[in-house]
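# A structural walkthrough
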Amino acid sequence: MNTLFVGQQVIRLRVVDSTNNYAAKMVKMPKWIEGTAIVADYQTSGKGRNGNVWRGSAGDNLFVSFLFKPTHIPLQHSFLLSMAAALAVQHTVKELLNTDDVAVKWPNDVFVNERKISGILIENQVRGGQISSAIVGIGINVNELEFEGLRATSLNAETGSSFDREDVLQSLCRHLEAQYLLLRSKPMQILENYQVGLYGKDDARNYIFPDGEDQGVLQRVAIDGSATFVRNSGKHSYTIDHVKWCWED
Ligand code: BTN
């Protein structure tokens with residue numbers, strides 16, 4: 001692995017309930033190494049955001065969780081880690097697909113051609129007012145071609161050729177390390193880089209807001225993870241639980 005610490009230790013599993021659950025057990029132990037990656041061929045209870053299930057056929061996708069100790073990030077800025085992880089996946093997918101047409105959809109999905117290619121689930125452990133450990137769980141659709149009616153795609157579906165999951169992991173480790181180091185040295189740069197190429201930014205489109213469906217323009221995502229929308233009624237900030245995307249098809 002061409003990195004300093006991310007992915008220097010890789011735990012490879014054939015089947016696990018969820019790599020995030022496995023990681024959660026590891027960070028409870030006294031000694032664990034920052035940057036460790038837990039990779040599985042298949043998850044029986046893969047977890048998505050909001051208690052959703054994250055599915056994927058065995059051997060066709062990347063299911064990985066990374067262990068970090070981001071004690072340098074103040075608790076109220078924990079969303080920066082989510083931004084850094086999303087940027088890392090965005091760079092990975094750009095590199096593998098050889099295109100710039102890859103966007104981060106608030107809060108941390110990665111989209112290609114209006115379809116989701118990756119999702120991220122971060123689970124933080126907090127001790128003494130600090131993030132003592134963070135589990136960064138990343139799912140990338142690699143060779144999957146069946147999406148059960150979901151608005152999803154994969155590296156293979158986009159190109160018509162299959163990808164080696166090991167190459168995807170290596171690229172991801174490199175980009176994750178670069179973003180994590182940037183987060184450590186220049187956290188505000190992560191905040192600004194996240195805004196660039198944010199899916200739907202500055203576009204007028206329909207969303208379901210707490211008071212119903214309306215047109216809005218996504219302007220910016222703040223350090224606390226909330227997003228500002230301009231609507232006819234003015235500027236409003238919402239957290240992700242309060243906004244839903246409307247799709248034309
Ligand atoms: C989402 O978009 O809802 C987040 C999906 C996160 C999925 C990954 S796959 C590896 C890791 N283990 C899990 O159980 N979930 C994350």
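Structural data are supplied above this passage.
Residues numbered from 1 in each chain as written. Predicted model: local features only at pLDDT ≥ 70, side-chain atom pairs only at ≥ 80, totals over all residues. Heavy atoms only, no water.

### Observations concerning the site of the ligand
Taken together, 20 residues form the shell around the ligand, and within it Ser 18, Gln 43, Lys 47, Arg 49 and Lys 116 come nearest. Contact distances for the ligand include 2.9 Å between a nitrogen atom and a side-chain N or O atom of Gln 43. Only α1 (19-26), β3 (61-68), β6 (115-127) and β7 (130-141) provide two or more residues apiece to the shell around the ligand. It is β6 that provides the largest number of residues to the shell around the ligand, a total of 4 residues. Grouping the constituent residues of the shell around the ligand by class yields 6 nonpolar, 10 polar and 4 charged. (Near = heavy atom within 4 Å. Polar contact = N/O pair within 3.5 Å; in protein donor to acceptor, adjacent residues only side chain to side chain. Helix = DSSP H or I, 4+ residues; strand = E, 2+ residues; numbered from the N terminus. Nonpolar A, V, L, I, M, F, W, Y, C, P; charged D, E, K, R; others polar.)

### Observations concerning α1
In an α-helix, one turn spans 3.6 residues, which is why side chains three or four residues apart end up on the same side. Three or more residues of α1 are buried, namely Thr 19, Asn 20, Ala 23 and Met 26. Buried residues of α1, viewed axially, fall in a sector of 110°; they line one side. One side-chain oxygen of the residue at the start of α1 lies 3.1 Å from the amide nitrogen of Asn 20, identifying that residue as Ser 18. (Buried < 20%, exposed > 50% of the residue type's maximum accessible area, 1.4 Å probe, protein only. Arc of directions from axis to C-beta.)

### So, the sheet that holds strand β11 (residues 234-238)
Spatial ordering of the open sheet is given by β11-β10-β9-β8-β12, a layout of 5 strands whose pairing is antiparallel. With partners counted over all chains shown, the strands left at the sheet margins are β11 and β12 (244-245), one partner each. Relative to strand β9 (residues 212-221), strand β8 (residues 204-209) is paired through 6 bridges, and the arrangement is antiparallel. Looking at the pairing, Ile 208 lines up with Glu 213 of β9. (Pairing = 2+ DSSP bridges.)

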